[in-house]
Amino acid sequence: KNEVEQSPQNLTAQEGEFITINCSYSVGISALHWLQQHPGGGIVSLFMLSSGKKKHGRLIATINIQEKHSSLHITASHPRDSAVYICAVRLGYGGSQGNLIFGKGTKLSVKP
Amino acid sequence: KAGVTQTPRYLIKTRGQQVTLSCSPISGHRSVSWYQQTPGQGLQFLFEYFSETQRNKGNFPGRFSGRQFSNSRSEMNVSTLELGDSALYLCASSFQLTGETQYFGPGTRLLVL
């Protein structure tokens, strides 16, 4: 079993729909990252979370440390949101910081 | 500020050769991390440097090595290349070692024939 599991693997949505991508992990972490990768390879870091919720524009990320689960929400989706979304966790407790482990990614396609 | 730059962008090598990839972080950033991305394995962590010291290392064989210079620029080296080393190699920089957003470079696409 992978230490970081994302669902769904693929997601097709119509423009304007509300989208949720989930990430579950089985290890102790100090932080969780959400990344966006467009065709061509460029990666952009969207959020880094260690607790609670963060919002940036139409993107919202939440994390539940007790349940070892995070969600990335996209409101009013747009075709330009089409990309692969990757969850990554930083291993470690408290002040100990370890390696990054990545999920396999969720490929999102938003149709106009 | 200029973003993270990686050179070269594309590279073709043959099995058994060695390769050196370079990463220049955003000015002022002291942490550089390296990642390998393949269609089969996805993104995997290679190593992380901060102030010229390797702080973390992923589960890769000793053929993969790296270093960081006093100006925070970093290089990674892969010796005795294998076909399976064909991948996109990404580096990312941040100001601190951890607890910070990472900024990714465009990657170096390596093809091993």
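Everything below is about the structure printed above this text.
Draft legend 1. Geometry of the interface of chain B and chain A. With 21 residues of chain B at the interface, the matching set in chain A holds 16 residues. Buried area between chain B and chain A, both sides added, is near 1,500 Å², and the carbon and sulfur share of it is 54%. Across the contact surface, chain B and chain A share one salt bridge. A salt bridge links Glu48 of chain B to Arg90 of chain A, with the shortest nitrogen-to-oxygen separation between them at 3.1 Å.

Draft legend 2. Focus on the sheet that holds strand 8 (residues 69-74) of chain A. Residues and elements named next belong to chain A. Taking strand neighbours across the sheet as the criterion, the five strands line up as 1-3-8-7-6 in an open arrangement whose pairing is antiparallel. Both outer strands of the open sheet, strand 1 (4-7) and strand 6 (52-56), are each paired with one neighbouring strand and no more. Averaged over neighbouring strand pairs, the angle between their axes works out to 15° when direction is ignored.

Draft legend 3. Structural context of the pattern of salt bridges. Residue and element names in this part refer to chain A. Using the criterion set out here, one finds six salt bridges over all chains in the structure. Across the pair Arg58 and Asp81 runs a salt bridge whose closest N-O atoms are separated by 2.8 Å. Of this pair, Arg58 sits in the loop between strand 6 and strand 7 (59-64) while Asp81 sits in the loop between strand 8 and strand 9 (83-91); the two residues are 23 residues apart in sequence, bridging distant segments of the chain. The partly exposed category is assigned to Arg58, whose relative accessible area is 26%.

What counts and what doesn't
Residues numbered from 1 in each chain as written. Chains lettered and ligands numbered in written order. Predicted model: local features only at pLDDT ≥ 70, side-chain atom pairs only at ≥ 80, totals over all residues. Heavy atoms only, no water. Contact = heavy atoms within 4.5 Å. Buried area = accessible area lost by both parts, 1.4 Å probe. Salt bridge = Lys/Arg side-chain N within 4 Å of Asp/Glu carboxyl O. Pairing = 2+ DSSP bridges. Helix = DSSP H or I, 4+ residues; strand = E, 2+ residues; numbered from the N terminus. Axes fitted to C-alpha atoms, helices over the stretch in contact; angles between N-to-C directions. Buried < 20%, exposed > 50% of the residue type's maximum accessible area, 1.4 Å probe, protein only.

These values are about where atoms sit, not about what they do.
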